[in-house]
Amino acid sequence: MRRTSARTRALTAVVAALLLLVGCSAPAGNKVVVVKVFSSEPVVVDKGEAPEPAMPLTWPLTGVPTDEVAARPAMSVKIENSAAARPQTGLGAADVVWEEMVEGGITRFNAVFHSQVPEVLGPIRSLRPMDAAISAPFGGLFVFSGGQARFVSQVADTGLTMLSHDGGDAGFYRTSDRRAPHNVYGDTEAFLAAGAGQSAPPPQFQFGRTAENASALTGTPVSTIAVNFPAASPGWSWDGEVWNRSEDGRAATTADGGQITAVNVVVLRVQVRNSGARDPGGNPVPETILTGTGEATVFAGGHQLEATWSKEEVGSVMTLTTADGEPVLLAPGNVWVELVPVSGSSVSTS
C-alpha cells in the first residue's frame, strides 16, 4: 500500500477546510477571501476594483450595436414633405430626421443616413437657411436640389461636400410618374462615390446601452404625440415597441418600406425669424434658430421627459440635458427631431 505523504495530507486538509468555508458562509460586501494553499497569509481581493465590461461597438448616429461601422460619411438629404411628394422613397432608413418648418407653414425634412443607405432617395428638394446648423456637426455629404445662393453658401462654408441637382452632380434623375418639381430622385451609390475616403460621422446624441436605460423612462407615460405646425399636423403613436408616424391623421408611409417609425422622438421648441428672403411665390422664407438654448421634450419607450437643448455654434453638436443637468440618454435606434416654433405651433400628448 502506498503511504500518504505529510504534504499530501496537509493539502487535503486545507481543501476540505475551504470547501467547508464556502458552503457555510457568504462573502461580506464586495470582499472575497482567497487562501493560497501553500501560504499562511490570506489574500483579500476587492471586487469593486474589477474593470467595467467593455462597451460594445455601436453605430455613431443610433447607438445600435454592430460588429463593424461602415467606413462611409454621413449623408444629409433634403426630402420634400408636401402632399404631392408623398409617399417618399428611402426616408424610413434614415438614422436621424429633422423636420423643419418652411414657407407657408408646411414642413420639409433634412434626413441623415449612415447605418442604412437605401438605393434610391426622394423626392429631393431645395435647402433652407437652418440646414447649415443641422448638418454641419455630422460632416460628410449634403444632397439637395436648388436653393438661394446665400443659403447654399452658408452650408458650403461648413465644409460639407455639396451634391446638387442644379450643379449637374452625378446621381440625380427625374421620374416620369410625378410632376416637377416633385420628381427629383437620387442614386445613393453615386452620391457615396463622391464621398469616398471620408470617415464615419461623430456621435450626435447620447444613448443608453439598452432601451431600458433611456432617460425618458423616468418620465410620464404617454401613447400619442400631436404636433401642429401652421400648415402641417404630424403625429406619433406608441405601439409598445416604436412610435408610428402619421400625417394629418393618416398613416405616414414610404413607397419602399411601409409606415414610418421612430425609436426616439425629440421635440425642440425653437425661435423662428424671417430670413429676409422670399421664395419664387413671394412668400417669406423662415429661418429656425438652432444656436443658444431652449425647451425640449424627449419621447422614448412610451414615456416623455422634459429636457433642455443647447448648441453653442453652427458647427457644434447639440446637447440634451435633464432638469438635473445630466445628459439625456436616448434608446438605441433612430431619432426624429421635430423643430417646433415657440409661436404659432403646439405639441400635445395623451
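The next subject is the environment of S115. On the secondary structure map, S115 appears in the loop between β5 (107–113) and β6 (120–121). Sequence separation between S115 and A70 is 45 residues, and the spatial gap between their C-alpha atoms is 7.3 Å. Aside from chain neighbours lying at most four places away, what touches S115 is W59, T62, R72 and D95. Engagement of the side chain of S115 in a polar contact is seen with the side chain of D95, the distance being 2.5 Å.

In the structure shown here, the tally under the stated rule is ten salt bridges. When the shortest N-O distance is used, the salt bridge between R245 and E99 registers 3.0 Å. Of the two residues, R245 is situated in strand β15 (residues 243–247) and E99 in strand β4 (residues 96–101); the sequence distance between them amounts to 146 residues. Of the two residues, R245 and E99, neither departs from the other in class, the shared state being buried. Taking the shortest distance from any N to any O, the salt bridge between R128 and E103 comes out at 2.8 Å. Placement of the pair is R128 in the loop between β6 and α2 (131–135) and E103 in the loop between β4 and β5, with a sequence separation of 25 residues. For the pair R128 and E103, one class covers both residues: buried. What emerges from the salt-bridge pattern is a single network uniting R86, E99, R245, E247, D248 and E338.

With respect to topology, three strands assemble into an open sheet ordered β6-β10-β9, the strand pairing being antiparallel. Bordering the open sheet on either side are β6 and β9 (172–174), each of which pairs with just one other strand. Both β6 and strand β10 (residues 184–187) contribute to a ladder of two bridges, which runs antiparallel. Bridge assignment links L121 to a residue of β10, and that residue is G186.

This part covers the pairing of strand β21 (residues 272–278). Where β21 and strand β22 (residues 284–288) come together, four bridges link them in antiparallel fashion. By the bridge assignment for β22, R273 is matched with E287. A loop of five residues connects β21 with β22, the two strands running antiparallel in sequence, and G282 in this loop sits at a positive phi of about 90°.

This part is about the confidence of the model for the protein chain. Averaged over every residue, the pLDDT of the protein chain is 89; residues scoring 70 or more account for 85%. Considering only residues more than four positions removed or in separate chains, one finds that residues 1–40, a stretch of pLDDT under 50, has 23 contacts.

Turning our attention to the pairing of strand β7 (residues 141–144). Burial of β7 is two-sided: the residues L141 and V143 facing one way and the residues F142 and F144 facing the other way are all buried. Examined bridge by bridge, strand β3 (residues 75–79) and β7 share three bridges and lie parallel to one another. Along β7, the bridge assignment pairs S76 with F142. With four bridges connecting them, β7 and strand β8 (residues 161–164) associate as parallel partners. Across the sheet, the residue bridging to F142 is M162, located in β8. The handedness of the β7 to β8 crossover, carried by helix α3 (residues 149–156), is right-handed.

Residue placement: S145 occurs in the loop between β7 and α3. Aside from chain neighbours lying at most four places away, what touches S145 is I124, R125, S126, H165, D166 and V184.

Here we take up unusual backbone geometry. Cis geometry is found at the peptide bond from G122 to P123, where omega equals -5°. Positionally, P123 belongs in the loop between β6 and α2. Geometrically, the link from A180 to P181 is a cis peptide bond, its omega value of 10° lying close to zero. Of note in the backbone geometry, D248 takes a positive phi value of approximately 55° without being a glycine. Tracing the backbone shows D248 in the loop between β15 and β16 (250–251). Accessibility expressed as a relative area gives 39% for D248, which makes it partly exposed.

Its relative accessible area of 0% is what places R245 among the buried residues. Linking R245 and T261, residues 16 residues apart in sequence, is a C-alpha distance of 5.8 Å. Setting aside residues up to four positions removed in sequence, R245 forms contacts with N81, E99, F109, P234, G235, W236, A251, A252, Q259, I260, W336 and E338. A distance of 3.0 Å separates the side chain of R245 from the side chain of E99, its partner in a polar contact. Of the polar contacts made by the side chain of R245, one reaches the side chain of E247; its length is 2.7 Å.

Moving on, we get to the environment of G168. Secondary-structure assignment places G168 in the loop between β8 and β9. Considered as a pair, G168 and S145 are 23 residues apart in the sequence and their alpha carbons are 9.9 Å apart.

Mapped onto the elements of the fold, Q304 is located in strand β24 (residues 303–311). Since its relative accessible area comes to 15%, Q304 is described here as buried. Side-chain polar atoms of Q304 contact the side chain of E306, separated by 3.3 Å. Separated by 3.3 Å, the side chains of Q304 and T349 make a polar contact. If sequence neighbours within four positions are ignored, Q304 has contacts with A216, G219, T220, V222, T297, V298, F299 and T349.

Rules and cut-offs
- Residues numbered from 1 in each chain as written.
- Predicted model: local features only at pLDDT ≥ 70, side-chain atom pairs only at ≥ 80, totals over all residues.
- Heavy atoms only, no water.
- Helix = DSSP H or I, 4+ residues; strand = E, 2+ residues; numbered from the N terminus.
- Contact = heavy atoms within 4.5 Å.
- Polar contact = N/O pair within 3.5 Å; in protein donor to acceptor, adjacent residues only side chain to side chain.
- Salt bridge = Lys/Arg side-chain N within 4 Å of Asp/Glu carboxyl O.
- Buried < 20%, exposed > 50% of the residue type's maximum accessible area, 1.4 Å probe, protein only.
- Pairing = 2+ DSSP bridges.
- pLDDT = per-residue confidence, 0-100.
- Right-handed = clockwise from strand over helix to strand, strands pointing away.

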